[in-house]
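Inside the fold
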Amino acid sequence: MLQPSQDTRETGANSGARADDRIFAALDLGTNNCRLLIASLDPTGGDQGGHAAPGIRVFDSFSRIVRLGEGVSATGRLSDDAMERTLEALKACQKKLGKYRVTHARFVATEACRRAANGQDFLDRVRSQTGLDIDIITSEEEAQLAFLGCSSLLTDVAKRAIVFDIGGGSTELMWIDVEAARNNAHNDTSHITDWLSIGFGVMNLADKFGGSSFADMAFGDMVSFLHERLKPFDEANQIGDTIGDSTVQLLSTSGTVTTLAAVHLDLPRYDRSRIDGIRLNVSDIRATIQRLLKMRPSERFNHPCIGPDRADFIISGCAIFEAISSLWPTASITIADRGVREGIILSLMNQK
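Bear in mind the structure is a predicted one, so any value in this text is a computation, not a measurement.

Side note on the overall build of the protein chain
Helix and strand counts for the protein chain come out as 16 helices and twelve strands. In the protein chain, which comprises 352 residues, the proportion classed as buried is 57%. A fraction of 76% describes how many contacts in the protein chain between residues 6 or more apart in sequence connect residues 24 or more apart. Carbon together with sulfur atoms contributes 47% to the accessible area of the protein chain, which is approximately 14400 Å² in total.

Pasting the structure below:
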């Protein structure tokens, strides 16, 4: 049985809550990860450190790789082991939430629970054992929340943006009218010109091509497979033609891309403060992918920025990045260590 492990990217509480704070909580239960964020409005509008977007003051956070979607591609159901280790992570989230006077909260589940026949049954069990009321959201809302969480990283010079989130069980892509987003005072999603959810993320893409042990050998096939699923989106929005004028920004929020950035920088360990908001050459990230492909599995397993939690699925994540970046060749990419959780928090703050 795979043992759950604490993701060292989360550092816990960062600051104390005041009695008059409105405290917001967001939980994102994905195919691979379980993530919690507890925060309040930062009146200065800045990032106070921790895991946040501008305007968010973090009190506490949690992230654990639970692999809830393990085996769903083959069986159509969440396995007993996956549900047990996810339930343990959710109990840890419940304990953290109990330390704060949370005034506004939203807890969501994504692709694994959308796809599994027993997904809702599992969430009913979670509610009865922990009191956490988790809703299954659509892939469209998942994309919207991910974008809202990282939209502050859009640049002043971009006219359009490709924003993508590589998940465990799906990959969401958005074609953004940046000029409209820049003038949008209401933080709605009207500036998302089009969006696409590919039903493949790092876990089930690896499963489709024989499992993580064969990902190195199947890398080219995975990239070709994804190209075919991206081309209709490209043609419908004429993205390839637009990229030629160099005003298209590539922006990503995902563990795959933050990990690739950390490996490229040769960090001694993952450091969010070095990664969130960084802009790197796409050619450097693609060169890092080739570097990972040349590593033995044991080297990836023992790499301080990859480790045992991410080693199994880093190559399939690289294939997704390679497909996107080769189809839409931009010079640089902006990398966000923020996403659905921050999007939930911001959406709660924007509610009247």
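Some points on the side chain of Asn-204
Looking at where Asn-204 falls in the secondary structure, it is placed in helix H7 (residues 202-208). Classification of Asn-204 as buried rests on a relative accessible area of 6%. For Asn-204, the side chain forms a polar contact with the main-chain oxygen of Gly-169, separated by 3.0 Å. In contact with Asn-204, not counting residues within four places along its chain, are Ser-73, Arg-115, Gly-168, Gly-169 and Gly-199.

Focus: the pattern of salt bridges
By the definition in use, this model includes 18 salt bridges. Linking Arg-125 and Glu-84 is a salt bridge whose minimum nitrogen-to-oxygen distance equals 2.4 Å. Here Glu-84 lies in helix H2 (residues 80-97) and Arg-125 lies in helix H4 (residues 119-130), a separation of 41 residues in the sequence. When its relative accessible area of 26% is taken as the criterion, Arg-125 is described as partly exposed. Take Glu-84: its relative accessible area is 33%, and that puts it in the partly exposed class. The residue Arg-115 makes a salt bridge to Glu-111 at a minimum N-O spacing of 2.9 Å. Linking Arg-115 with Glu-111, this pair stays in helix H3 (residues 111-115), spanning four residues, or about one helical turn. One continuous salt-bridge network, built from bridges that share partners, spans Glu-111, Arg-114, Arg-115 and Glu-142.

Quick look at the pairing of strand S3 (residues 33-41)
Within a regular beta strand, the side chains point alternately toward one face of the sheet and then the other, so they alternate between its two faces. Of all nine residues in S3, seven are buried, a share of seventy percent or more. As paired elements, strand S2 (residues 23-29) and S3 share seven bridges and run antiparallel to each other. Across the sheet, Ile-23 pairs through a bridge with Ser-40, a residue of S3. Here S2 hands over to S3 after three residues, the two strands then running antiparallel side by side.

A few points about the pairing of strand S11 (residues 278-281)
With burial as the criterion, only one face of S11 is covered, namely that bearing Ile-278 and Leu-280; the residues Arg-279 and Asn-281 on the opposite face remain uncovered. With four bridges joining them, S11 and strand S12 (residues 332-336) adopt antiparallel strand pairing. Considered in S12, the bridge of Asn-281 is made with Ser-332.

What to know about the packing of helix H10 (residues 255-264) against helix H15 (residues 314-327)
Relative to each other, H10 and H15 sit at 95 degrees, their axes nearing to 9 Å. In terms of axis orientation, H10 runs roughly perpendicular to H15. Packed against H10, whose contacting residues are Thr-256, Val-257, Thr-259 and Leu-260, the element H15 presents Ile-314, Gly-317, Cys-318 and Phe-321 at the interface. Across the contact of H10 with H15, the residue classes tally to five nonpolar, three polar and no charged.

Some remarks on the packing of aromatic side chains
Under the criterion given, the structure shown has five aromatic pairs. Residues Phe-59 and Tyr-100 carry aromatic rings whose centres are separated by 6.1 Å and whose planes lie at 10 degrees to one another, so their mutual orientation is stacked. A residue pair is termed long-range when its members are at least 10 positions apart, and Phe-59 in strand S4 (residues 56-65) and Tyr-100 in the loop between H2 and strand S5 (104-109) qualify at 41 residues. Each member of the pair, Phe-59 together with Tyr-100, is buried. Residues Phe-164 and Phe-321 carry aromatic rings whose centres are separated by 6.2 Å and whose planes lie at 50 degrees to one another, so their mutual orientation is tilted. Pair noted here: Phe-164 is in strand S7 (residues 160-166) and Phe-321 is in helix H15, with a separation of 157 residues, a long-range link. Note on accessibility: Phe-164 and Phe-321 belong to one class, buried. Here a set of aromatic residues connected by ring pairs shows up, and it is made of Phe-200, Phe-209 and Phe-225.

About the cut-offs
- Residues numbered from 1 in each chain as written.
- Predicted model: local features only at pLDDT ≥ 70, side-chain atom pairs only at ≥ 80, totals over all residues.
- Heavy atoms only, no water.
- Helix = DSSP H or I, 4+ residues; strand = E, 2+ residues; numbered from the N terminus.
- Buried < 20%, exposed > 50% of the residue type's maximum accessible area, 1.4 Å probe, protein only.
- Contact = heavy atoms within 4.5 Å.
- Areas by Shrake-Rupley, 256 points an atom, 1.4 Å probe, with all protein chains shown as cover.
- Polar contact = N/O pair within 3.5 Å; in protein donor to acceptor, adjacent residues only side chain to side chain.
- Salt bridge = Lys/Arg side-chain N within 4 Å of Asp/Glu carboxyl O.
- Pairing = 2+ DSSP bridges.
- Axes fitted to C-alpha atoms, helices over the stretch in contact; angles between N-to-C directions.
- Parallel < 35°, antiparallel > 145°, perpendicular 65-115°, else oblique.
- Nonpolar A, V, L, I, M, F, W, Y, C, P; charged D, E, K, R; others polar.
- Phe/Tyr/Trp six-rings, centres within 6.5 Å; stacked < 30°, edge-to-face > 60°.

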